[in-house]
Amino acid sequence: MSAKRVLSGIQPTSDSFHLGNYLGAVKQWVDLQDGHDAFYCIVDLHALTGEIEPALLRKRTLASAAQLISLGISPEKSTLFVQSQVPQHNQLGWLMECMAGFGEASRMTQFKDKSAKGGSDSARVGLFTYPMLQAADILLYQANLVPVGEDQRQHIELTRDLAGRFNTRFGQTFTIPENFILKTAAKIQDLQDPSAKMSKSSGSAAGVLELMDTPESNAKKIKSAATDAGREVKFDEKEKPGISNLLTIHSALSGKTIPALEAEFDGKGYGDFKGAVAEVVVEYFRPIRAKAIDLLSDEKHLLDILHDGATKARVVASQTLEKAYENLGIVK
């Protein structure tokens, strides 16, 4: 039996991934490479739904690729590519737009949330239709599994609905992807506001641990992280959200259990504990950051990796698109 195919993507919308991105998604992508036929995509076309600065988009696309490789995505084990280098994404995206109803597109909560913030007049049409492009991203590769966060569950359901509708009306064309919501073992919160998820959209950069930040910067962020009343290093999300978050971070990166860490720091103050967390984070990120910087220093080599990935992706994508066109009656 052939290995199940995995497809997932990440937007190049910042200079650096943060600890939440890594533990919530990329670390699990790395694990899925073994025993699966994995396709991982930098979805630069999806990034166009926001404000665009061309030089920054290019820089961030390459930075995303370098970080994915340095975090363990292997171009030998996986097909790593940039979405825009496979034109079939746009072509199948149009077919999915023609399969989707206006009502079901209007019910997508992310569009409603984002357009509500800026007002419907400023919302791009691409923001409205991007779930259909996302469906095309998945269906193009006949993916069995799509590892995504809980916030993407609605989009995967739409993908399943569109694929099923197409198959019913025009004949078996697409694999229906399985629900594969990532179960994040470590819930990483903002260092300054432990009640909020660690996110680039948070109010303060001081609350976010970025992979590409200097060791000094990340150590300083941890040492100035919000803490709680008392001196006891104990996991209690309700009474001690700040310390609980730091315990989660230490445990996720060091592999030590939270009870073991509580025992290790029994009788020691917050200062000692924060220093230990800072050391664990800095040493974990150090080789990753160094490898990413090294990859970015040889742009030709990095582009060669991405071009090789796009070539492999286009072989699969073109077969799917050809079948979809044929089943629709589009003249060859």
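Remember, predicted model here, so these are calculated numbers, not experimental data.

Calculation criteria
Residues numbered from 1 in each chain as written. Predicted model: local features only at pLDDT ≥ 70, side-chain atom pairs only at ≥ 80, totals over all residues. Heavy atoms only, no water. Phe/Tyr/Trp six-rings, centres within 6.5 Å; stacked < 30°, edge-to-face > 60°. Buried < 20%, exposed > 50% of the residue type's maximum accessible area, 1.4 Å probe, protein only. Helix = DSSP H or I, 4+ residues; strand = E, 2+ residues; numbered from the N terminus. Expected span 1.5 Å × (residues − 1). Bend = angle between axes of the 7 residues up to and from the residue. Contact = heavy atoms within 4.5 Å. Pairing = 2+ DSSP bridges. Axes fitted to C-alpha atoms, helices over the stretch in contact; angles between N-to-C directions. Domains from an automatic or database assignment. Buried area = accessible area lost by both parts, 1.4 Å probe. Salt bridge = Lys/Arg side-chain N within 4 Å of Asp/Glu carboxyl O. Polar contact = N/O pair within 3.5 Å; in protein donor to acceptor, adjacent residues only side chain to side chain. Nonpolar A, V, L, I, M, F, W, Y, C, P; charged D, E, K, R; others polar. Parallel < 35°, antiparallel > 145°, perpendicular 65-115°, else oblique. Left-handed = near helix turned anticlockwise from the far one by under 90°. Core = buried A, V, L, I, M, F, W, Y, C linked by side-chain atoms within 4.5 Å.

## Overview of the packing of aromatic side chains
The geometry of two aromatic rings is summed up by the distance between their centres and the angle between their planes. Going through the model one piece at a time under the given rule, you end up with 8 aromatic pairs. A ring pair is formed by Phe265 and Phe273, whose centres lie 5.1 Å apart and whose planes are at 70°; its orientation type is edge-to-face. The residues Phe265 and Phe273 share a single accessibility class, namely buried. Here the aromatic cluster, defined as three or more aromatic residues joined through ring pairs, consists of Phe39, Phe81 and Tyr141.

## Concerning helix H7 (residues 125–139)
With 15 residues, H7 should reach 21 Å at 1.5 Å per residue; the first-to-last C-alpha distance of 22 Å fits that figure. If you look at H7, its biggest bend is around 40°, right at Pro131. Where burial is concerned, most of H7 is hidden: 13 out of the 15 residues are buried.

## Comments concerning the environment of Gln152
Structurally, Gln152 is set in the loop between H7 and helix H8 (153–170). By relative accessible area, Gln152 is classed as buried at 13%. The residues contacting Gln152, other than those within four sequence positions of it, are Gln110, Tyr130 and Gln134.

## Description of unusual backbone geometry
Backbone geometry at Gln142 places phi at a positive 50°, although glycine is not the residue there. Along the chain, the position of Gln142 falls in the loop between H7 and H8.

## Some remarks on the sheet that holds strand S1 (residues 5–10)
Reading across the sheet, the 3 strands line up as S1-S2-S3 and stay open at both edges, with parallel pairing between neighbours. The sheet terminates laterally at S1 and strand S3 (78–82), the two strands that pair on one side only. Direction aside, neighbouring strands of the sheet carry axes that sit 15° apart on average. Lying on the sheet, helix H13 (residues 299–328) is in contact with S1, strand S2 (37–42) and S3; it crosses S3 at an angle near 100°.

## Regarding the domain arrangement of the protein chain
Split by domain assignment, the protein chain resolves into domain 1 (5–184 + 299–328) and domain 2 (215–293). The centre of domain 1, based on its C-alpha atoms, is set 33 Å off from the matching centre of domain 2. Buried surface at the junction of domain 1 and domain 2, both sides included, amounts to about 680 Å², of which 78% is carbon and sulfur. Inspection of the domain 1/domain 2 interface yields 0 salt bridges. Summed over the shared surface of domain 1 and domain 2, the number is 2 residue pairs in polar contact (both at pLDDT 80 or more). Of all the secondary structure elements, the ones that give two or more residues to the side of domain 1 that touches domain 2 are helix H1 (19–32) and helix H3 (54–70). In terms of residue class, the side of domain 1 that touches domain 2 is made up of 6 nonpolar, 2 polar and 1 charged.

## Observations regarding the pairing of S3
With 5 of its 5 residues buried, S3 lies for the most part within the structure. Sheet topology places S2 next to S3; 5 bridges connect them, and they run parallel. In the sheet register, Tyr40 faces S3, and the bridge partner there is Leu80.

## Topic: the packing of helix H12 (residues 270–297) against H13
Interaxial distance between H12 and H13 falls to 5 Å at its minimum, and their mutual angle equals 95°. Judged on the interaxial angle alone, H13 and H12 are roughly perpendicular. For the pair H12 and H13, the contacting residues are Leu295, Leu296 and Ser297 in the first and Glu299, His301 and Leu302 in the second. Partitioned by chemical class, the residues of the contact of H12 with H13 number 3 nonpolar, 2 polar and 1 charged.

## Let's talk about the packing of H3 against H12
Each pair of packed helices can be summarised by the angle the axes make with each other and by the distance between the axes. H12 packs onto H3 with a crossing angle of 135° between their chain directions and a minimal axis gap of 8 Å. The angle between the axes of H3 and H12 places the two elements in the oblique class. Regarding H3 and H12, the two cross each other, and that crossing is right-handed. From H3, Leu62, Ala63, Ala66, Gln67, Ile69 and Ser70 reach across to H12, where they touch Ile288, Lys291, Ala292, Leu295 and Leu296. Considered class by class, the residues forming the contact of H3 with H12 number 8 nonpolar, 2 polar and 1 charged.

## A closer look at helix H10 (residues 241–254)
Taking 1.5 Å of rise per residue, 14 residues should cover 20 Å, and H10 covers 20 Å from first to last C-alpha, within 8% of that figure. H10 sits mainly inside the fold: 11 of its 14 residues count as buried. When we look at burial in H10, the residues that qualify are Gly242, Ile243, Ser244, Asn245, Leu246, Leu247, Thr248, Ile249, His250, Ser251 and Leu253. Close packing links the buried residues of H10 with H1, helix H9 (215–223), helix H11 (258–264) and H12.

## Structural notes on the nonpolar core
Leu19, Leu68, Leu209 and Ile249 are the most contacted members of the largest nonpolar core, which totals 59 residues. Taken domain by domain, the makeup of this core includes at least three residues from each of domain 1 (5–184 + 299–328) and domain 2 (215–293). For Leu68, the contacting residues outside a window of four places in its chain are Ile10, Phe17, Val26, Trp29, Ile42, Ile73 and Leu80. Membership of the second largest hydrophobic core comes to 37 residues, among which are Phe128, Tyr141, Val146 and Val316.

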